[in-house]
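The residues making up each chain are set out below.
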Amino acid sequence: MGWADGDPLGVRIRAAFGADLTATWSWTDLTAYWRASDPIELEWGRQSSATRPESSTCALTLRNSDGRFTAENAASPYWPHVRTWTPISVDVDLGDGAGWRNRHSGHVRSWSVTWPGRSGKLAVARIESVGVLGRLGRGSPPNRSPMGRSILAAAGDGLLAYWPCEDEADAMGAASGIRGVAPMRADGGVKFAAGGVDITVGGTQRYGTKPLPLLTDGGSLSGRAPAGTSSPVAWTLEAFWQTGNPLGEVVLMRWTTPAGPFVRWDYVDSYNDVYGTYLVAYTASGSPTVVWSVPTRYVGPFNLRISAVQNGGSIDVTVMIGALTIGSVTVTGTLARIDTIALNPDQHVFSPGALDFVVGHLRVWDSATSPLTGSRVDAHPGEAAHLRLARLCAEDGVALSAPTVPADGATAMGVQPDGTPLDLYQQCEVVDLGIIYESGFGLAYLPRWSRYAAPVALTVDAADRQLGGNLRPAADDQRLRNYWTVTRIGGSSAVAADEESISQRGLIPSSPRLNLASDDQLQGHADWRLWMYGQAGTRYRLTVPLHTRAGRGLTAHWVACQPGSRVQVVNAPDAATTDTIDQTLVHARETITGRRRWTVELATEPADRWEVGVWDDPSFLWDSRSTTLDGDHDATATSMVVTVADVHDVWSTTATPYDWLVGGERITVTGMSAATGTGPWTQTATVVRAVNGVNKPLTAGMSVHLADAQRWGL
């Protein structure tokens, strides 16, 4: 059921003046000020030639005679919150009992006040808004490492201090990752960006960090942490490092807690006759207490975590390597808060030719636990594209909705690189061939798996006058590429080519670099991209007037459409050469004028490329890429001889009938002889001609293909 004939369309316009974008918003209804004679113009999806997700847009006009929407008007009831990036929402009610449907959620990019007709009595404010992608795309965000992203995403859970130590080679100190915290001071032989953690192939990239400082030659880093507020007193120290081989004993990390009976703590690595690892606490008089020790050296690379919490009259101390607890002890005393912290404070020089002392991502938490305890200390190799996108969005505080993807439909990615949020999101989308789009004030994702054989979301009946304007077909060749070289970032490459297309159109190459997990994936991705973009097909511009008697019945289906939705036009005009136009929605423009006129314009691309085979479907046939006519055949021939160059392309003798497409003529094969010869092979088909109304002589050498060709999904 859709918008009832004769009823006005329900429209609601709201703004969240003074909204805190990190909290719940309070909405103000502005519908009473809507100037309905000026259309609401909405656009969403992406242009056909776009290579990355695009923001939705909205433009509408509000009456502003009293100046309430003038940004600097102190008399406005909304002052001083009439400003850019205010959240705004546009909804419609179809009168079907389902309530409001959102057509745009975005942020105001401009409030343009004008006086139509140069009259001082009539003022309007034209609002232009963009969706969440427009907001996320502002400025020049830094390229963060995977480890840095994860830590900063947890900063709200009591992170007092964080020094990534990912500074460039000529740095003179380690910058703070948190505003208001001073950088760490560098002394001695600190070599920034020199520690590659090369104990495992892949170096720092494998562990999700940029190159870190090398302290092997007597370098030291020291800084000060703000005081926490935890009750009871508690703290956690964490760092990622690889320990070098010391000459004798060396204090790897030292921190001070001057307000307590223990004023200094040393984490010690010993390479004496009995080597081991120690945690020693010192009183103000210099008296040491060995809090914990093990006769083992932990070389790394790993994430070290040392935590302490006051428990009555005692201090509970825990030492962890990654997710493994290697020490849990209790000592008598009163715990104080951390003040200063230093790495290799005594500027020890490590033995030459041994492992380097590389350290970074030093952080201090205001609790005895860390939100990252047990987290993977790597760059997520092998992670599925849709799961990586979900994790990235969660780290950025961006809401994401996506369907479930089975394990065999997922795309495994390589290590996550350093990058900006939108660049990292798009890398997931490109690898998986999915679609990122806006949904409310968050994002949604349509994975490749959900695009296969998608159900029809909107059916437009041209015979019922549901199609308006001009039907505008065009060759879908903007992204046509007939020679694909797919390279795995950091790996090998694979090639897929359509020789027939190359001979007809010339070479049109494409060479994407994909962040795949394995070289084994390359050929499948090259072949699939050739299938997707190696054929032109036909795309359409469709206009659907939703306000007409026939069009109103489509409104409930239309508001459920999204980028990637499947749209069909049935009973298409004769000039379309097909009864059903089957397309995928790429971009939409909606125009709402008043409460009685609503028109949508759709840009689409062919849907047939997503019609993949099903393993247990006996009707599924492979198409042949090596079949040609063996001789000339006139327009009346009911027996046709073909030559097959590849044994895998021999036509089935038992699955008849099936349809061929030869020179634009659709031909039904009702019988097929067994293949003869030793290669190439010859077969004779009994056929019915002109199934699609096209009938003409066919010449030797013409390609023969399955008319409704499908293929297995990637």
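Shown above is the structure to which this text applies.
Note that the structure is predicted; figures quoted are calculated from it, not measured. (Residues numbered from 1 in each chain as written. Predicted model: local features only at pLDDT ≥ 70, side-chain atom pairs only at ≥ 80, totals over all residues. Heavy atoms only, no water.)

Attention now goes to the environment of Leu 30. Within the element layout of this structure, Leu 30 appears in the loop between β2 (28–29) and β3 (40–45). Assessed through its relative accessible area of 0%, Leu 30 is described here as buried. Spatially, the C-alpha atom of Leu 30 lies 63 Å from that of Val 331, the residues being 301 residues apart in sequence. Residues within four places of Leu 30 in sequence aside, it is in contact with Ile 13, Arg 14, Ala 15, Phe 17, Leu 62, Phe 69 and Tyr 78. (Helix = DSSP H or I, 4+ residues; strand = E, 2+ residues; numbered from the N terminus. Buried < 20%, exposed > 50% of the residue type's maximum accessible area, 1.4 Å probe, protein only. Contact = heavy atoms within 4.5 Å.)

Moving on to the layout of surface pockets. Its volume calculated, the largest pocket comes out at about 2200 Å³. Lining of the largest pocket is provided by 48 residues; of these, Gln 535, Asp 608, Leu 661, Ala 707 and Ala 709 occupy positions nearest its centre. Mapped onto the lining of the largest pocket, the elements with two or more residues apiece are α7 (499–505), α8 (522–533), β33 (538–545), β35 (580–593), β39 (658–662) and β42 (705–706). At five residues, the largest contribution of residues to the lining of the largest pocket is made by α7. By residue class, the composition of the lining of the largest pocket is 16 nonpolar, 17 polar and 15 charged. Its volume calculated, the second largest pocket comes out at about 1200 Å³. (1 Å grid on protein atoms, 1.4 Å probe; cavity = no way out; pocket = protein on both sides within 12 Å on 5 of 7 lines; lining within 4 Å. Points joined across faces, edges and corners; volume = space filled by probe spheres on them. Nonpolar A, V, L, I, M, F, W, Y, C, P; charged D, E, K, R; others polar.)

A few words on empty space enclosed by the protein. What the rule picks out here adds up to four cavities of 30 Å³ or more. Its boundaries defined by the atoms lining it, the largest cavity holds a volume of some 80 Å³. Lining the largest cavity are ten residues, and of these Asp 476, Arg 479, Tyr 533, Glu 605 and Arg 609 sit closest to its centre. Of the residues belonging to the lining of the largest cavity, the class tally is three nonpolar, three polar and four charged. Lining the second largest cavity, in full, are Leu 160, Pro 226, Ala 227, Gly 228, Ala 234, Trp 235, Arg 337, Ile 338, Val 364 and Asp 366. Here the lining of the second largest cavity is composed, by residue class, of seven nonpolar, one polar and two charged.

Sheet strands pair via backbone hydrogen bonds, and the direction of the pair is either parallel or antiparallel. In space, the six strands of this open sheet follow the order β37-β38-β41-β40-β39-β42, with antiparallel pairing throughout. One side of each edge strand has no neighbouring strand; the edge strands of this open sheet are β37 (627–629) and β42. Judged from the four bridges that link them, strand β40 (residues 665–672) and strand β41 (residues 681–688) form a sheet pairing that is antiparallel. Its bridge partner lying in β41, Val 669 is registered against Val 687. (Pairing = 2+ DSSP bridges.)

Here the focus is the pattern of salt bridges. Counted by the stated rule, this structure contains 34 salt bridges. The closest approach of N and O atoms between Arg 46 and Glu 429, which form a salt bridge, is 2.7 Å. With Arg 46 in the loop between β3 and β4 (57–63) and Glu 429 in helix α5 (residues 421–432), this residue pair connects regions lying 383 residues apart in the sequence. Two residues, Asp 339 and Arg 224, come together in a salt bridge whose shortest N-O distance is 2.6 Å. One end of the pair, Asp 339, is in the loop between β21 (324–332) and β22 (340–343); the other, Arg 224, is in strand β13 (residues 220–224), with 115 residues separating them in the sequence. Asp 339 sits in the partly exposed class, given a relative accessible area of 23%. Ionic contacts of the salt-bridge type, sharing partners, join the residues Arg 149, Glu 383, Arg 388, Arg 391, Glu 395 and Asp 396 into one network. (Salt bridge = Lys/Arg side-chain N within 4 Å of Asp/Glu carboxyl O.)

Spatially, β9-β10-β13-β22-β15-β16-β17-β18 is the arrangement adopted by the eight strands of the open sheet, whose pairing is antiparallel. Across the chains shown, the open sheet's two edge strands, defined by having one partner strand only, are β9 (173–174) and β18 (288–294). In terms of strand pairing, strand β17 (residues 276–283) meets β18 through six bridges, oriented antiparallel. Its bridge partner being in β18, Leu 279 is matched across the sheet by Trp 292.

Bringing the side chain of Ser 145 into the picture now. Note on placement: Ser 145 falls in the loop between α1 (132–136) and α2 (146–153). Looking at Ser 145, its side chain comes within polar contact range of the main-chain nitrogen of Gly 148, at 3.1 Å. Apart from the residues lying within four places of it in its own chain, the contact partners of Ser 145 are Glu 166, Gly 208, Thr 209, Lys 210, His 361 and Asp 418. (Polar contact = N/O pair within 3.5 Å; in protein donor to acceptor, adjacent residues only side chain to side chain.)

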